[in-house]
Every structure is written in structure tokens, then in C-alpha cells.
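Examination of the molecular architecture
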Amino acid sequence: MTSFLSITMLSWWFLGLGCEPEPVLQAIETPAILEEVPSAEQRLENQGQVVYQKKDGVYIDVMYLGGRNWVDSQPILLEQLGDLQETQALPMRQGVRYRYDKGTVFVYEDRIYRIDLPLPELLRRSAVLQSLGFPEQVDKYLITHREYVLENEWEFRRMRMFRDSKDNEWVKEVSVWKFSPQEL
């Protein structure tokens, strides 16, 4: 019986050596990255303090300017489009047309709704999009013999890219509509 008792105790002792102590729950440390993210309230407070910075390679940042308040955008318009040359009130709820050195801006109820630009050089469609601040890839264009048309892309109503010739793909001028005053 002693041998049985000693074998049993010896087997319990061997089993005890293979076992680790019971696991202890530890608190999960918060990664430092999450601490650096501002709260929603902080982002709303800082939203008005964001300074505009034009991206490299952008000729006129139409994507940024479209739909913005005309008065608030004056410094950017003067920097990118040059001096104001002419102002004309348009009939039939079309707003006001402002012609600058490098292009024309149409304003309705103090919002920029259309920008017409002759390009400084002939460009392909994707390069035109990039030079106006838009992504270069588009799923589908409406292609005619004299223009490429995009509708309802990037929250813009219409973009017309006028071709240099029906025989090539070079674009010489664009007209970008954020919205149409008649649709309001």
C-alpha cells in the first residue's frame, strides 16, 4: 500500500511540475495612437481654423472652389485666377458672372456654381482632372466629337471638357458646374 501511495503522490508531483500557475488577467494598455486622435467636439472646433493649401500640380483647384462662398473665397480666387476683369449680372436667375485673368466664375446667391477655364496648354482627360484638383480615374465619360462630359461625379453636376479637335484627345477648355441655379 505504501508503494501505491508513493506512486500516486509521485504522479501528482510530476503532474504539478508540468502545470503553470493559474493565469492572471491583466489590464489592456491603450495604444498611444488612439490618445492622439482628437474627439469629435475638438474636430468641430478646429474645422473653421483649417488653412487652405493647394496641392502640388493643381492649376486651378476647382474641386475645392466649387460650391464655396464667393466672398470667403476671394483670396484663393485672386491667387489662382488673377485679377478681376469684369462683372456682369446675368438674366433669368443665373446670378453674376465674374471674369478673371485666367477664367470665369459664376455665382448664385453668393455660392460658386460654375467655373469656366481655358487651359494654358493642351492636356489629356486624366491630366485635366488632376490639374483641377479631381482624382484622375473616372468610370465613364460621355464622348462626343467635340467634348468629354462627366455628370454627377464628386458631388459636381457636370463637367465639360472641350476637345481641341475631333481627330485627337487633347482638351483645351473646361466648364465645371457644381449645381445649376434652375434646379434649386
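About the criteria used
Residues numbered from 1 in each chain as written. Predicted model: local features only at pLDDT ≥ 70, side-chain atom pairs only at ≥ 80, totals over all residues. Heavy atoms only, no water. Helix = DSSP H or I, 4+ residues; strand = E, 2+ residues; numbered from the N terminus. Buried < 20%, exposed > 50% of the residue type's maximum accessible area, 1.4 Å probe, protein only. Contact = heavy atoms within 4.5 Å. Areas by Shrake-Rupley, 256 points an atom, 1.4 Å probe, with all protein chains shown as cover. 1 Å grid on protein atoms, 1.4 Å probe; cavity = no way out; pocket = protein on both sides within 12 Å on 5 of 7 lines; lining within 4 Å. Points joined across faces, edges and corners; volume = space filled by probe spheres on them. Salt bridge = Lys/Arg side-chain N within 4 Å of Asp/Glu carboxyl O. Pairing = 2+ DSSP bridges. Polar contact = N/O pair within 3.5 Å; in protein donor to acceptor, adjacent residues only side chain to side chain. Arc of directions from axis to C-beta.

Within the protein one finds six helices and eight strands. Listing every helix and strand of the protein by position from the N terminus yields α-α-α-α-α-β-β-β-β-α-β-β-β-β. Within the protein, the proportion of its 184 residues that are buried is 33%. The long-range share in the protein, meaning contacts at least 24 apart out of those at least 6 apart in sequence, stands at 41%. Accessible surface computed for the protein: about 13,100 Å², of which carbon and sulfur atoms make up 54%.

Before going further, it helps to spend a moment on empty space enclosed by the protein. One way to see where empty space is left: roll a probe the size of a water molecule over the atoms. This model, assessed by the stated rule, comprises one cavity of 30 Å³ or more. There is about 30 Å³ of room inside the largest cavity. Around the largest cavity sit Leu 150, Glu 151, Asn 152, Glu 153, Trp 154, Phe 156, Arg 157, Arg 158 and Met 159, which together line it. Mapped by element, the contributors of at least two residues to the lining of the largest cavity are β6 (147-153) and β7 (156-163).

Inspection of every chain in the model, using the stated rule, returns six salt bridges. Put simply, Arg 99 and Glu 86 hold a salt bridge, and the shortest N to O gap is 3.1 Å. Taken together, the residues Arg 99 in strand β2 (residues 96-100) and Glu 86 in strand β1 (residues 84-89) connect sequence positions 13 residues apart. Given a relative accessible area of 32%, Glu 86 falls into the partly exposed group.

Below, the discussion takes up the pairing of strand β3 (residues 104-108). Burial analysis of β3 places five of its five residues in the buried class, the great majority of the element. Because side chains alternate across β3, one face comprises the buried residues Thr 104, Phe 106 and Tyr 108, and the other comprises Val 105 and Val 107, equally buried. A loop of three residues connects β2 with β3, the two strands running antiparallel in sequence. In this structure, β3 lies alongside strand β4 (residues 111-123), joined through five bridges in antiparallel fashion. Pairing of Thr 104 across the sheet is with Asp 116, part of β4. Between the antiparallel neighbours β3 and β4 lie two residues, among them Glu 109 with a positive phi of about 50°.

With that out of the way, let us pick up the side chain of Asp 116. You can see Asp 116 is positioned in strand β4. A polar contact is formed between the side chain of Asp 116 and the side chain of Ser 175, at a distance of 2.6 Å.

To continue, consider helix α5 (residues 74-81). Every α-helical turn comprises 3.6 residues, leaving residues that sit three or four positions apart pointing alike. Turning to α5, its buried residues number three or more, namely Gln 74, Ile 76, Leu 77, Gln 80 and Leu 81. Looking straight down α5, one finds its buried side chains confined to an arc of 160°; they lie on one side. For α5, the exposed residues set more than 90 degrees away from the buried face come down to Pro 75 and Glu 79. In the core, the buried residues of α5 are packed alongside α4 (62-65), β2, β3 and β4. One or two steps after α5, the chain reaches Gly 82, where phi turns positive at roughly 90°.

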